[in-house]
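What follows is the residue order along each chain.
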Amino acid sequence: MSAPIYLDYAATTPVDPRVAEVMSQYLTLDGIFANPASRSHMLGWQAEQAVESARRQVADLIAADPREIVWTSGATEADNLALTGFMRANRARGRHLVTSLIEHKAVVDTAKALEDEGFDVTWLTPGRDGRVTPEQLRDAMRDDTVLVSLMAVHNELGVIHDLAALAEVTHAFGATFHVDAAQAVGRIPLDVGRLGIDLMSLSGHKAYGPKGIGALYVRRSPELRLEALIHGGGHERGMRSGTLPTHQIAGMGQAFAIAATEGEADQARISALRDRFLDGLDDLDGIHRNTAVEVAIPNILNLAFTGVEGESLLMALRDIALSTGSACNSASVEPSYVLKGIGLPRPLALASLRFSFGRFTTEADINRTLDVLRHALDGLRRRAV
Ligand SMILES: *Cc1c(COP(=O)(O)O)cnc(C)c1O
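Being a predicted model, the structure only gives us computed values, none of them experimental.

Rules of the game
- Residues numbered from 1 in each chain as written.
- Predicted model: local features only at pLDDT ≥ 70, side-chain atom pairs only at ≥ 80, totals over all residues.
- Heavy atoms only, no water.
- Core = buried A, V, L, I, M, F, W, Y, C linked by side-chain atoms within 4.5 Å.
- Buried < 20%, exposed > 50% of the residue type's maximum accessible area, 1.4 Å probe, protein only.
- Helix = DSSP H or I, 4+ residues; strand = E, 2+ residues; numbered from the N terminus.
- Domains from an automatic or database assignment.
- Contact = heavy atoms within 4.5 Å.
- Right-handed = clockwise from strand over helix to strand, strands pointing away.
- Salt bridge = Lys/Arg side-chain N within 4 Å of Asp/Glu carboxyl O.
- Buried area = accessible area lost by both parts, 1.4 Å probe.
- Polar contact = N/O pair within 3.5 Å; in protein donor to acceptor, adjacent residues only side chain to side chain.
- Near = heavy atom within 4 Å.
- Areas by Shrake-Rupley, 256 points an atom, 1.4 Å probe, with all protein chains shown as cover.
- Nonpolar A, V, L, I, M, F, W, Y, C, P; charged D, E, K, R; others polar.

**Quick word on the nonpolar core**
Line of reasoning, step 1. Of all hydrophobic cores here, the largest spans 52 residues; its most connected members are I62, W71, F177, L190, M200, L202 and F256.
Line of reasoning, step 2. Broken down by element, the residue count for this core peaks at six residues, all from helix α8 (residues 246-281).
Line of reasoning, step 3. There are two domains that each give this core at least three residues, and those are domain 1 (5-11 + 263-384) and domain 2 (17-258).
Line of reasoning, step 4. Ignoring any residue separated from it by four or fewer positions in sequence, one finds L202 in contact with V58, I62, G74, A75, A181, V185, G214, A215, M252 and F256.
Line of reasoning, step 5. One finds L284, L303, I366 and L370 within the second-largest nonpolar core, a separate group that totals 27 residues.

The structure is reproduced here in structure tokens:
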């Protein structure tokens, strides 16, 4: 049996071999393994240098100052720090947070926890394309709004928010703009100054870096106040304690440096592959695009297949690694809260699949997927009648 075709890049990406090579230099006795916080010997300084060089690589990709990068364990922790850390530190100014119903769980569940803590959350309902408009945001803003959190690129749908316009509305009300950019890095240009982003969550493993590392961009001017969630040695200017994982950090730095030089070419190639995939689906009936392709990155394509069950379709496609638009509880299959959130009817939501493409996707992968898909749909629909 051949290895499955990997079309689940939005769940995680493989580490780029060039990244793995760099990471291996920071682990063993003959490498730079020392604690980057060790100030009393050369080995510690070398590790610190590696961390600072990676901090610059990450900052460069988003046109930030390296001092604005706070290392975390991933985008989940960065989202937690941005929302909880910011709301707690700015309690005296206001208790209102604005976000949307279809944000990543790392934002949704953090905002729910903040509600339990006594903060007030407005949950915006996005349009059918999965995006919140600047007008919608304006209507939700209040005098006591201190934070707005909306993601750059949606992880299930691939649609891109108009960040500059949303930032403008946020700032007009004196609030701070947080963006979860885990799916956006290396895929769309992210200049935090030009876009007006104040806080931004980043992840290593969605951009060909390792899992277990991420960062929060924290604007320095005007300075933002954040309360730490993890206390300890006062690392990362007191915002996030814990010994820095040099190999993870160097890996994320290298991955972001590659994204800076190759991201555009990657995207052009992936865009052509996605178009080829869409062309190949053209003569198949009953396919509904959940992804508004005109306003989405080419990497993510969410499709609903009428007349079949998502689970059966996934079974028939077991040689292809991809995600469904549903979550299995022990008792039942529930449609994804995202597809529900954009108003997709339940049967369509249950028959939705997310195809996500990346750096190592080939034309042969696309052709093979089209073949398998055609065959599977034929079989399932014939059985259904
Ligand atoms: C993957 C993802 C996260 C979580 O990132 P981790 O680094 O795995 O914690 C958060 N937000 C979005 C949009 C994601 O796609």
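**Side note on the pairing of strand β3 (residues 96-100)**
Line of reasoning, step 1. Most of β3 sits out of view: five of its five residues are buried.
Line of reasoning, step 2. Read as a crossover between parallel neighbours, the route from β3 over helix α4 (residues 105-116) to strand β4 (residues 120-124) is right-handed.

**Side note on the pattern of salt bridges**
Line of reasoning, step 1. By the definition in use, this model includes 22 salt bridges.
Line of reasoning, step 2. D65 serves as the salt-bridge partner of R67, at 3.0 Å between the closest nitrogen and oxygen.
Line of reasoning, step 3. For D198, the salt bridge is made with R219, and the minimal N-O distance between the two is 3.1 Å. Of the two residues, D198 sits in the loop between α7 (192-195) and β7 (199-203) while R219 sits in the loop between β8 (214-218) and α8, which places them 21 residues apart along the sequence. Neither D198 nor R219 differs from the other in exposure class; each is buried.

**Side note on the domain arrangement of the protein**
Line of reasoning, step 1. By domain assignment, the protein separates into domain 1 (5-11 + 263-384) and domain 2 (17-258).
Line of reasoning, step 2. The gap between the C-alpha centroids of domain 1 and domain 2 is 29 Å.
Line of reasoning, step 3. For the pair domain 1 and domain 2, the summed buried area comes to about 2,300 Å², and 55% of that belongs to carbon and sulfur atoms.
Line of reasoning, step 4. For domain 1, the biggest contributors to the area lost against domain 2 are Y337, I342 and R359; these three give 28% of the whole.
Line of reasoning, step 5. Our count for the contact surface shared by domain 1 and domain 2 stands at zero salt bridges.
Line of reasoning, step 6. Where domain 1 meets domain 2, there are 12 residue pairs in polar contact (both at pLDDT 80 or more).

**Looking at the site of the ligand**
Line of reasoning, step 1. As a matter of local geometry, the ligand sits amid 13 residues, with T76, D180, S203, H205 and K206 nearest to it.
Line of reasoning, step 2. Within the side chain of Q183, an N or O atom sits 2.8 Å from an oxygen atom of the ligand.
Line of reasoning, step 3. When the ligand sits alone it has 380 Å² of accessible area, and the protein chains cover 88% of it.
Line of reasoning, step 4. Residue classes in the shell around the ligand are distributed as three nonpolar, seven polar and three charged.

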